[in-house]
Amino acid sequence: MLLQLNHIYKWVKQGGKRVFLLNDISLDVEEGEFISIMGPSGSGKSTLLNVIGMLDEFQEGEYIFDGEPVHSLKEKQRAKLYKEYIGFVFQAYHLIDELTVYENIETPLLYKNIKSSERKALVADMLDRFNIVGKKDLFPAQLSGGQQQLVGIARALIAKPKLILADEPTGNLNSKQGEEIMELFKELNTEGVTIIQATHSESNAAYGNRIIHLLDGSKQLQPQN
Amino acid sequence: MLKNYIKIAWRNIWNNKLFSFINVISLAIGFSASFVIGLMVYYDFTFDKFHKDGDRIYRATTQFISPEGTDHFNGVNALLADALKQDVSGLENVSAFYTYRPLKVEVESRDLVFKKPNHVIFTDSDYFKVIDYNWLAGNKATSLLEPNEVVLTQQRAESYFPNTPVENLIGKILMYNDSIPAKITGVVANFEERSDFVFQEFISLPTALQSDLKSMVTNTIWDSYNSDAQVLFKTLPGVAGNTIQEQLDNLSKSRADKDDLADGEWSRFYAQPLEELHFDTRYGTFDYSVPQASKKVLLNLGIVALFLLLLGSINFINLTTAQATQRAREIGIRKTLGSSKKQLIFQFLGETFLLTLLSALVSVVLAFWLLRVFAGFIPSGLNFGLFANPWIITAMLVLLVVVTLLSGMYPAFVLSGFKPVSVLKNRLSSQTSATGFRKGLTVFQFVVAQVFIIGTLLVGKQIDYLMHKDIGVNTANIAYVKLPWNDAAITKKKLLKNKLATIPELSTISLGGAPPASMYINSNLVEFSKDGETIEVLQEQRFGDATYFDLYGLELLAGRKPINDTIKEYVINETMLHKLGFTAPEEAVGQQLLMGSKSYPIVGVMRDFNEKPLNSDIQPVVFVGDIYRDWFSQFNMLHFKIEPKTQDLAGTLEKVEDIWKSVYPDSDFEIQFMDETVANFYRSQQRTQKLLNWATGLAILISALGLLALVIYTTERRIKEIGIRKVLGASLMELQVLLCKDFLKLIAIAFVIAAPIAYWRMHIWLEDFAYKTEMSWWVFALSGIGMVVLALAIMSFKTLRTAMRNPVKSLRTE
Ligand SMILES: Nc1ncnc2c1ncn2[C@@H]1O[C@H](COP(=O)(O)OP(=O)(O)O)[C@@H](O)[C@H]1O
Ligand SMILES: [Mg+2]
């Protein structure tokens, strides 16, 4: 088992009342799974991904990642954990505008204190794999949306994470670009990377081997069709 | 990692060219001021630090102690050196020296004459035992023991005997004032480090008996102090300064008049440690030709530099935190990519350091230029070469780091504290608090700028007042020349006066002493008996012939002027009149002033005039003729008026000089103008003014740049809002008010804080003057309005353009 959420509650106080963003979420994720989280806008998909990615806190429940109880870890240990095992892909790509493609992909390695020669090799591999060698000295603003998302994925993968969290990775792309990204995810998954993605789209969700439906922060039973 | 940081820092600097420029310029101004002032501090604090046994070297000075307070005097009497040797224990060496100003020195073997050599002293061989020199020729054991011997420094030797090996100089003869020969017995190296011991020629003390200093050197009156008489001594190792001072106190008291001592009046010799010499303005140094360093001035300069640095740092903090939202996304991303808070802090501090470094580089150029602008303030020995000094370089680096931390810490913590989720979701709550902080800093900037502005205006007003106040003395078109003091014959002076009378452009020529208003002091104590009581008055004397009064527009209120030049009759001023206990001028006429056992009549009363700079009140002044002529003529200047209609001033002055040369062929002709003399009273205030103008200009510049950047930034953020408001029908004026009112509020708050601070500070400054300009309300109002106008101008530069934009365009781009 890669991670396990047990009865997670997350709320914010509004006018003295609790507004639940996540309401009693329990979820087991095995290594090698490809999970799609579906639900309408505002249903809590991003919140759930951020909690899994340890970027966001929750008020109640247990979260065990790779055998470590995340809920009782200190900030520092938690940061170490996600730095080691998790990669993020965002709807808005979130590349650093001031850095080139090459430098964007390289950045996570810098924070892991990897030697320069090794970094070079790793980044070169990644550029090769995604066919963007020719773009390596361009800045994000000079790329199309699909290309930017490719760079985003390359960056998420560079540190060889066990888990990729993708929050509507194709939300800003046209359907053809979206399909390419999904194919890529499929391929990564077969290579053994665990993927959790949030999406609106039924067709994208279908790339996953399990679909979780969220509504107002609660997990819904999977409707049978 | 570092490379990555530098790269992104550089790109950030480059992409925000305007803001970076503002940051760099603001900091560079602060840095350059700090560098220059740091150089001055270093320069002045490193005087005489190198002497062998420097902690055992003292100079004797004099304090005149009385119940009213203590006066400080830089010289001693001629007996002190011997008294120290006999009565004070714990001293290794005692040396007496007398500063000497020969008119000329002739280098016999080269038949060359040098006029007025400076830094010449008569001294004994002990001088070289107290102050250690490196001997290039001769030695200290055998030098200056006999009359008519002289030791030169290498520099002086080089100017008298260019390109001559120093060994060859031994035995050469110098002839002072045509009558005093001196054989060179040694040459010493000049000090390589900074020293107040500026002397270049050391003539053996017995030689002084052949000079006009004879009476001073042989004076046996204990109470006769002279600023040219100096004593240096060195204590034995391990002897504390206070044991010497105790003995000096005992010595001074034992020689004091018993009655005076009982009244609390005595003259105390003070052992001034070498380390106090450079800064103690009460006693001065040995070189009067340059203004003495003052810790107070250095402190004030330091405060100015500190404020400029603070203003620059504030710009940096404000601009960086204002831009935080733009940086926030990058921070959020970096955190999701695994960056720790610490790493982010280092990244931002690194960026700050890079900017600071850039500013420092710019500031070196600025400093070079500032050193030229302020050449008048800066000692001539201080040059750009000092920048290479390791201490200075270390201090600069430390300053860089401090400024980096000062300006970078807060933004770094604010920025690195952003939570990645809220950043990526565009929910930034930490922003509001930074806005408050930013406002506080902006207010601080404007407080500083405003205080500087008010200060500048008031200093300007005071100086204007000093320069234009009627001092009761004519100054226009009046000039005077100093007559040669070594040619005292009154007949020659009269000859000169009569010859000058032939120049038609000159009128009202007068022989006299110093002008009515001048820095010269010539005072004596007189007694006056009235109703059985005797009062003592210290009176300042002004000497002149019959025309002196008319020339300078002095006015008699009662009585008459002295009937001739040499009769001892006194014309007193109103202040003196009141001191003597009279109210009506007529009452004093015919009264007698007592000097010693003799009495002299008051024959007239003149209207008060300011005989000194307006820092001080009018003191008792008397006008007399040349009453000491039998002993020493006090008519040592010749005054004249140049007809106001004179076209060819230079030609007229040439005629005066020609006549001068015919009477005094050997003496230098130096003309001074009365209006300049009065203006020169306030030279130090004018220097303060110049400095303050600069500081104010720079403070305004930095604050204005900061304001401009903030306005650009906040206005950019509101482009969409402005577009919508415009579509809804807002007028240009309404938009302008909307955009500017927040900043104007800050400026108003700043004014409210600044006005009392400026009032208080200027009140202190004005306390130095007996005559003060008013701290008028309009000065404050003017400076406040000026600030608002300036701020509006700066803001309109951006806000007007924004407000005039086509709303369709701005809404589309959003
Ligand atoms: N920190 C927060 N404070 C208040 N409301 C929040 C916060 N975070 C998320 N929300 C709200 O929770 C709901 C779920 O948000 P989100 O997880 O972004 O949904 P989704 O990604 O499914 O569109 C939304 O209604 C959002 O406005
Ligand atoms: Mg979402």
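Residues numbered from 1 in each chain as written. Chains lettered and ligands numbered in written order. Predicted model: local features only at pLDDT ≥ 70, side-chain atom pairs only at ≥ 80, totals over all residues. Heavy atoms only, no water.

Caption draft 1: The arrangement of the overall build of chain B in detail. Broken down by element type, chain B carries 25 helices and 24 strands. Once the C-alpha set of chain B is aligned to its principal axes, its extents read approximately 100 × 65 × 60 Å. The 814 residues of chain B split such that 51% are buried. Summarising the internal contacts of chain B: among those between residues at least 6 apart in sequence, 79% fall at separations of at least 24. About 37,300 Å² of surface is accessible on chain B, with carbon and sulfur atoms providing 58% of the total. Of note, chain B has its 80 positive side-chain charges centred 18 Å away from the centre of its 80 negative side-chain charges. (Helix = DSSP H or I, 4+ residues; strand = E, 2+ residues; numbered from the N terminus. Buried < 20%, exposed > 50% of the residue type's maximum accessible area, 1.4 Å probe, protein only. Contact = heavy atoms within 4.5 Å. Areas by Shrake-Rupley, 256 points an atom, 1.4 Å probe, with all protein chains shown as cover. Lys, Arg positive; Asp, Glu negative; His and termini not counted. Charge placed at Lys NZ, Arg CZ, Asp CG, Glu CD.)

Caption draft 2: Expanded view of the UniProt feature "domain: MacB-like periplasmic core" (unreviewed entry) in chain B. All names here are of chain B. Under the UniProt annotation, the feature "domain: MacB-like periplasmic core" (unreviewed entry) is placed at residues 20–250 and 448–625. Taken end to end, residues 20–250 is 26% helix and 30% strand, and its two terminal C-alpha atoms sit 67 Å from one another. Along residues 448–625, the helical share is 26% and the strand share 31%, with 55 Å between the first and last C-alpha atoms. (UniProt positions renumbered as here; feature names shortened; annotations may be inferred.)

Caption draft 3: Quick peek at the site of ligand 1. Residues and elements named next belong to chain A. Around ligand 1, 13 residues are found, and the nearest of them are Gly-42, Gly-44, Lys-45, Ser-46 and Thr-47. Taking Ser-43, its main chain carries an N or O atom lying 3.2 Å from an oxygen atom of ligand 1. Contact distances for ligand 1 include 3.0 Å between an oxygen atom and a backbone N or O atom of Gly-44. Computed on the free molecule, ligand 1 has an accessible area of 570 Å², of which 68% lies beneath the protein chains in the complex. Counting residues per element, the ones that place at least two in the shell around ligand 1 are strand S1 (3–14) and helix H1 (45–52). Ranked by residues supplied to the shell around ligand 1, first place goes to H1 with three residues. (Near = heavy atom within 4 Å. Polar contact = N/O pair within 3.5 Å; in protein donor to acceptor, adjacent residues only side chain to side chain.)

Caption draft 4: Quick look at the packing of helix H1 (residues 2–15) of chain B against helix H11 (residues 341–373) of chain B. All names here are of chain B. Between H1 and H11, whose axes approach to 9 Å, the crossing angle comes to 55°. On the basis of their axis angle, the class for H1 and H11 is oblique. The chirality of how H1 crosses H11 is right-handed. On the side of H1, the interface is formed by Tyr-5, Ile-6, Ile-8, Ala-9, Trp-10, Asn-12 and Ile-13, while H11 contributes Gln-343, Gln-347, Glu-351, Leu-354, Leu-355 and Leu-358. (Axes fitted to C-alpha atoms, helices over the stretch in contact; angles between N-to-C directions. Parallel < 35°, antiparallel > 145°, perpendicular 65-115°, else oblique. Left-handed = near helix turned anticlockwise from the far one by under 90°.)

Caption draft 5: Representation of the packing of aromatic side chains. Under the defined criterion, the tally for this structure stands at 49 aromatic pairs over all chains. Between the aromatic rings of B:Trp660 and B:Tyr664, the centroid separation amounts to 5.1 Å while the plane-to-plane angle is 50°, which identifies the pairing as tilted. Summarising the burial analysis for this pair, B:Trp660 and B:Tyr664 share the class buried. One aromatic cluster in this structure is built from B:Phe50, B:Phe97, B:Tyr127, B:Phe128, B:Tyr133, B:Trp135, B:Phe191, B:Phe197, B:Phe199, B:Phe202 and B:Phe286. One Lys or Arg, A:Arg18, reaches over the ring of A:Trp11 and ends 3.7 Å from the middle of that ring. Between the NZ or CZ atom of B:Lys253 and the centre of the ring of B:Trp266, over which it lies, the distance is 4.8 Å. (Phe/Tyr/Trp six-rings, centres within 6.5 Å; stacked < 30°, edge-to-face > 60°. Lys NZ or Arg CZ within 6 Å of the ring centre and 35° of its normal.)

Caption draft 6: Highlighting the sheet that holds strand S4 (residues 60–65) of chain A. Residue and element names in this part refer to chain A. Across the sheet, four strands lie side by side as S2-S1-S4-S5; this open sheet has antiparallel pairing. Because the sheet does not close on itself, it has two edges, and the strands there are strand S2 (17–29) and strand S5 (68–69). The pairing of S1 with S2 spans nine bridges and is classified as antiparallel. Within S2, the position partnered with Lys-13 by the bridge is Arg-18. Strands in contact with H1 are S1, S2 and S4; relative to S2, the strand with the most contacts, it is inclined by about 60°. (Pairing = 2+ DSSP bridges.)

Caption draft 7: Seen up close, the UniProt feature "transmembrane region" (unreviewed entry) in chain B. Residue and element names in this part refer to chain B. As recorded in UniProt, the sites labelled "transmembrane region" (unreviewed entry) are residues 21–43, 297–319, 344–371, 391–418, 439–459, 691–713, 743–762 and 777–797. Strand forms 0% of residues 297–319 and helix 100%; the C-alpha atoms that close the span are 33 Å apart. With 100% helix and 0% strand, the stretch residues 691–713 has end C-alpha atoms that lie 33 Å from each other.

Caption draft 8: The arrangement of the pairing of strand S14 (residues 478–482) of chain B in detail. Residues and elements named next belong to chain B. Summarising burial for S14: four of the five residues are buried, a large majority. Sheet topology places S14 next to strand S23 (residues 637–642); five bridges connect them, and they run antiparallel. In the strand pairing of S23, Ala-479 is matched with Phe-640. When S14 meets strand S24 (residues 671–673), the two strands line up antiparallel, connected through three bridges. In the sheet register, Tyr-480 faces S24, and the bridge partner there is Gln-672.

Caption draft 9: Representation of the sheet that holds strand S7 (residues 163–167) of chain A. Residues and elements named next belong to chain A. The sheet built from six strands is open, its strands ordered S6-S7-S8-S3-S9-S10 with mixed pairing. The open sheet has two free edges, formed respectively by strand S6 (86–90) and strand S10 (218–220), since each of these has just one partner strand. Direction aside, the axes of adjacent strands within the sheet are offset by 25° on average. Bridge analysis of S7 against strand S8 (residues 194–199) gives five bridges, and the strand direction is parallel. Across the sheet, residue Leu-165 finds its bridge partner in S8, namely Ile-196. Those strands touched by helix H5 (residues 145–158) are S6 and S7, and its axis lies near 170° from that of S6.

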